[in-house]
Every structure is written in C-alpha cells, then in structure tokens.
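# Survey of secondary and tertiary structure
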Amino acid sequence: MPIALLPDRAVLSVAGDDAPGFLQGLVTCNVETLPLGEARLGALLTPQGKVLVDFLISRAAEGFALDVARALLPDLTRRLTLYRLRAKVAFAEAPLRVLAAWGGPPAGAWLRDGRLPALGWRRHAGEGEGPAPDATAEDYAAHRIGLGVPEGGADFALGDAFPHEALMDQLGGVDFRKGCYVGQEVVSRMQHRGTARTRVVPVAYAGARAAAPGTAVTAGARALGQTGGAAGARGLALLRLDRLADAVAAGEAIEAGGLALRVERPAFASFEVPGAG
C-alpha cells in the first residue's frame, strides 16, 4: 500500500458557529450531509458557474478542513473572506501535511476519498505525525491520472471550466438537490438540459511520452481541445465530445503536438466518449 506526501497541497481550516451554513450556501457539494471520515470533492464557482477553486472538504474537530492546492490557498481564503460579512466563521491555514494512500485500507485515522473508491484515502497530519511516506507525489499523480480523475490547474484551467467539464458531476462534487450556492443556476441548467459537450477524458499516447500540458489536441483541421497533466504515456485532456464524434466518423487521426493518441472513457463515467478504446 503506497503512501505519498503531497507537498503541493495545504489544509485550510474553516471554523465557527456559522461554518456549516456559510459553506453550504457557497460551495457545490453538500456540507450538511458530509459524514465523518470522508473527504468530499467540492468547489467555489464564479456567478457564471465556472470553477475558481476545487478542493476536498472534510469534517474537523472545530469545523471543516479544506484540502486545496497550496498555490490556491491565499486566493481561496480571500474569496471566502469576501463572502463572510457578519457570519461567525474564521479561516486559517492549518499546520498539517497532506498524505495520500492507495492500494489497500491503511491503518489509523484516514479519510476516505469521496471522489472514487479506487483513489484511496487522505490524511492530514502534523510534522512528524502519521506513517512515513514510501511513495512520491509523482507516483500519486500517475495513480490519479490513470483513473481519469482531474484536478484544477493541472488538467483544466481554473476560472474557465464548468463543473461538468471537470467531471465534478461524476465524482460526487456537485449536489443537485441542495439549495442555492454561487453559480448554481448555470450548473443546474447544464445538468437538466444535458448540454455538457466538453469533458476531461483519459488519453493514451502511442509512444513512450506525452504532450506537454496545454498542447492543442487536433484531428485534421479540427480543434478538439487541449491536454492536461500526464504520467508516462498516459494523460488527461479536455475535449469537445461533439467534435471528437465528427473526427471519429471521418476516420481522422487524433494527435497533440505531433504525438498520436487514443481517447478512453473513464470507468466511472456515465457519459459516452466517441472512439474510446
């Protein structure tokens, strides 16, 4: 069972009497139904429904812990502070490291990753606490990418992608039955009308290497989207599925940066991916 330290992740504490209601009215996931021992995917959106910051949220002793990309923590704190008004809620970076484990149930106090059972578990531990890592952050990224699970900033552009495009509807990151939150109208409309034409999907490259993140994915003269992160010859890409369907029907080869690739359908996906192998 590999255990990796994720140094690019940080933990934001959200505490106070009003913390549950405050978060429930802001983020995409349902905070009120969040059980102990689960890290649930969620996001803060623009009023237009696009993902500003994605995170994993869990219950903590004095409120909630938001497991977020370290580079995004200052911006998330600033945005939450703008919404606070008179709410009794406080924000602070917790002095905790983020660990990830996968491949088998770990011993001790871990959080189940609510996105996908195969992703494994998370743990927030102080310096010197918890088990010693025996894997790297790159190992964990390869595990996540292999499962087809995207993360903001690495696999889709923050501020430019809707939750459906980032697969948040597939990974438990959006509650379509809860009350209003920022950007909720747009997200609900996409869900009920089935208008999500762009999705992050896994891709497999024909050679031993992958295209750099942000490389255009094309099929003939068609622009299909762009690549996200990669590990070895596997990666993720944000693609227009309708254009992909046209390319498949026309028998056009798909490539990124001159590298041939094959699209795949995530095992957990409820949507179809044209030409998925």
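All of the points below concern the structure found in this document.

Definitions and cut-offs
- Per-chain numbering applies: the sequence of each chain, read as written, is numbered from 1 onward.
- Only residues with pLDDT of 70 or above have their local features reported here, since the model is predicted, and side-chain atom pairs are shown and tallied only from 80 upward, although totals for entire chains, interfaces and linings are computed over all residues.
- Only hydrogens and water are set aside when side-chain values are computed; all heavy atoms of the structure are taken into account.
- Working definition: a ring pair exists when centres of Phe, Tyr or Trp rings (six-membered ring for Trp) sit within 6.5 Å. Plane angles under 30 degrees give stacked, over 60 give edge-to-face, the rest tilted.
- Per the convention used, a helix needs a DSSP run of H or I reaching at least four residues, while a strand needs a run of E reaching at least two, with both numbered from the N terminus.
- Remark: exposure states derive from per-residue accessible area (1.4 Å probe, protein chains only) relative to the maximum for the residue type, with buried under 20%, exposed over 50%, and partly exposed in between.
- For the purposes of this section, nonpolar cores are sets of buried Ala, Val, Leu, Ile, Met, Phe, Trp, Tyr and Cys residues that join through side-chain atoms within 4.5 Å.
- For two strands to count as paired, DSSP must find a minimum of two bridges between them.
- For helices, the axis comes from a line fit to the C-alpha atoms of the stretch in contact; other axes are also lines fit to C-alpha atoms, and the angle between any two N-to-C directions lies between 0 and 180 degrees.
- The contact criterion used is simple: two residues touch if any of their non-hydrogen atoms lie within 4.5 Å.
- Helix span, expected: 1.5 Å multiplied by one less than the number of residues in the helix.
- The arc in question is the one spanned by the directions pointing from the helix axis to the C-beta atoms.

### Considering the packing of aromatic side chains
Counting across every chain of the model gives two aromatic pairs. With a centroid separation of 5.8 Å and an interplanar angle of 40 degrees, the aromatic rings of Phe22 and Phe91 are classed as tilted. On the criterion of sequence distance, the pair formed by Phe22 in helix 1 (residues 19-24) and Phe91 in strand 6 (residues 90-94) is long-range, its members being 69 residues apart. When its relative accessible area of 9% is taken as the criterion, Phe22 is described as buried. Owing to a relative accessible area of 15%, Phe91 belongs among the buried residues under this scheme.

### Observations regarding the nonpolar core
Core analysis: the biggest nonpolar cluster contains 55 residues, and Tyr205, Val217, Ile254, Leu261 and Val263 have the highest contact counts within it. Counting residues in hydrophobic clusters, the runner-up holds 27 residues, among them Leu26, Val31, Ile57 and Phe91.

### A look at the sheet that holds strand 5 (residues 63-69)
If you trace the nine strands from one edge of the open sheet to the other, you get 1-7-9-8-3-4-5-2-6, paired in mixed fashion. Either end of the sheet is taken by a strand with one partner, and the two such strands are strand 1 (3-5) and strand 6. For this sheet the average axis-to-axis angle between neighbouring strands, irrespective of direction, equals 35 degrees. As paired strands, strand 2 (residues 9-15) and strand 5 are joined by seven bridges and run antiparallel to one another. Looking at the pairing, Arg9 lines up with Ala69 of strand 5. Those strands touched by helix 2 (residues 73-84) are strand 2, strand 3 (38-45), strand 4 (51-60), strand 5 and strand 6, and its axis lies near 15 degrees from that of strand 2. Sheet contacts for helix 3 (residues 137-147): strand 1, strand 7 (97-101), strand 8 (111-113) and strand 9 (121-125); angle to strand 1, the most-contacted strand, approximately 115 degrees.

### Some details on helix 2
For helix 2, with twelve residues, the first-to-last C-alpha span of 16 Å sits near the 16 Å given by 1.5 Å per residue. When we look at burial in helix 2, the residues that qualify are Leu73, Leu76 and Leu80. Buried residues of helix 2, viewed axially, fall in a sector of 65 degrees; they line one side. Pointing more than 90 degrees away from the buried face of helix 2 are the exposed residues Pro74 and Leu82. Contact partners of the buried residues in helix 2: strand 2, helix 1, strand 3, strand 4, strand 5 and strand 6. Positive phi shows up at Leu85, right after helix 2, with a value of about 50 degrees.

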